[in-house]
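# A closer look at the structure
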Amino acid sequence: MTAIEDLTREHDMVVNLIGEVRGAHAATDTARMAELARQITGVLEPHTYVEEHGLFPVLAADFPGQVTVLQAEHRHIEAVLGEATGGAPADPAWPARLVETLDLLREHILKEQDGVFPAALATLNPADWDAIDTIRATVGTLLPAPGR
């Protein structure tokens, strides 16, 4: 399924960026952390839209509690990443808060990779996948074409 492949590749991009954030944090480079937070946001915005408007509505009937938790995690992650919208936040606690939130994001990614995506592959029908492809076409992606 192309939709799951795209979502997985976006997860891979985010995981790589999280590694870069950790390096910037170790170097106490808050400006770089903020720049990377904005890059993560750029990957996650279309990604989250596809999940919340394509996958989650179909899965919510069978997995309401899990979908609710994932959506709440999305909101928390967006809020902390969003603090870097205008540059490095002045709050001296933000770097640690970002690293903690990115730890949550890593756990969140594993929940999706090991739970949501297999459940979607087992549950969704061709019409559901077509609807997800339409949503993806609307929001686009930052991913390079496969093979590049």
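Whatever comes next refers back to the structure up there.
This write-up is about the structure you can find in this document. Just so you know, these numbers come straight off a predicted model, no measurement behind them.

## Here we look at helix α3 (residues 64-82)
The terminal C-alpha atoms of α3 lie 27 Å apart, and with 19 residues this matches the ideal 27 Å at 1.5 Å per residue to within 8%. Buried within α3 we find V67, L70, E73, H74, I77, V80 and L81. Across the axial projection of α3, the buried residues extend over an arc of 150 degrees, all falling on one side. Residues of α3 that are buried sit in contact with α2 (30-59) and α4 (94-123).

## What to know about the pattern of salt bridges
Going through the model one piece at a time under the given rule, you end up with 10 salt bridges. Across the salt bridge formed by R9 and D6, the nearest N and O atoms sit 3.4 Å from each other. Remark: D6 and R9 occur in helix α1 (residues 2-26); sequence separation between them is three residues, near one turn of the helix. Exposure remark for D6: the relative accessible area of 13% places this residue in the buried category. Ionic contacts of the salt-bridge type, sharing partners, join the residues E20, R32 and E35 into one network.

## Re the layout of surface pockets
The volume enclosed by the largest pocket comes to roughly 160 Å³. Along the walls of the largest pocket sit 16 residues, with L44, T48, I77, E78 and L81 positioned nearest its centre. Among the elements of the structure, α2, α3 and α4 are those that each provide at least two residues to the lining of the largest pocket. Broken down by element, the lining of the largest pocket gets its largest block of residues, six residues, from α2. Counted by class, the lining of the largest pocket contains five nonpolar, seven polar and four charged residues.

## Remarks on the nonpolar core
If you look at the biggest cluster of nonpolar residues, it comprises 22 residues, and the most contacted ones within it are V14, I40, L81, W94, L98, L102 and L105. Only α1, α2, α3 and α4 provide two or more residues apiece to this core. Considering every element that reaches this core, the biggest residue donor is α2, with seven residues. Ignoring sequence-local partners within four residues, the contact set of I40 consists of V14, L17, I18, V21, L81, L102 and L105. The next biggest cluster of nonpolar side chains, apart from the first, holds 17 residues, and it includes L59, F117, A119 and I135.

## Description of α1
Along its 25 residues, α1 runs 36 Å from first to last C-alpha, staying within 8% of the 36 Å computed at 1.5 Å per residue. Those residues of α1 that fall on the buried side of the exposure criterion are A3, I4, D6, L7, E10, H11, V14, L17, I18, V21 and A24. Where α1 ends, the next residue or the one after it, T28, has phi of about 50 degrees, a positive value.

## Quick look at the environment of L121
Following the sequence through the fold, L121 ends up in helix α4. For L121, a relative accessible area of 48% corresponds to the partly exposed category. In this structure the C-alpha to C-alpha distance between L121 and G86, which are 35 residues apart in sequence, comes to 39 Å.

## Thoughts on the side chain of E73
Structurally, E73 is set in helix α3. E73 sits in the buried class, given a relative accessible area of 10%. Setting aside chain neighbours within four positions, we find E73 in contact with L104, H108 and K111.

## Concerning the packing of α3 against α4
Running from amino to carboxyl end, α3 crosses α4 at an angle of 150 degrees, the nearest separation of the two axes being 10 Å. Of the possible angle classes, the one that applies to α3 and α4 is roughly antiparallel. In this structure, α3 meets α4 at a crossing whose hand is left-handed. Each of V69, L70, E73, H74, H76, I77, V80 and L81 in α3 lies in contact with α4, whose residues at this interface are W94, R97, L98, T101, L102, L104, L105, H108, K111, E112 and V116. Classifying every residue of the contact of α3 with α4 by side-chain character gives 11 nonpolar, four polar and four charged.

Procedures and definitions
- Residues numbered from 1 in each chain as written.
- Predicted model: local features only at pLDDT ≥ 70, side-chain atom pairs only at ≥ 80, totals over all residues.
- Heavy atoms only, no water.
- Helix = DSSP H or I, 4+ residues; strand = E, 2+ residues; numbered from the N terminus.
- Expected span 1.5 Å × (residues − 1).
- Buried < 20%, exposed > 50% of the residue type's maximum accessible area, 1.4 Å probe, protein only.
- Arc of directions from axis to C-beta.
- Contact = heavy atoms within 4.5 Å.
- Salt bridge = Lys/Arg side-chain N within 4 Å of Asp/Glu carboxyl O.
- 1 Å grid on protein atoms, 1.4 Å probe; cavity = no way out; pocket = protein on both sides within 12 Å on 5 of 7 lines; lining within 4 Å.
- Points joined across faces, edges and corners; volume = space filled by probe spheres on them.
- Nonpolar A, V, L, I, M, F, W, Y, C, P; charged D, E, K, R; others polar.
- Core = buried A, V, L, I, M, F, W, Y, C linked by side-chain atoms within 4.5 Å.
- Axes fitted to C-alpha atoms, helices over the stretch in contact; angles between N-to-C directions.
- Parallel < 35°, antiparallel > 145°, perpendicular 65-115°, else oblique.
- Left-handed = near helix turned anticlockwise from the far one by under 90°.

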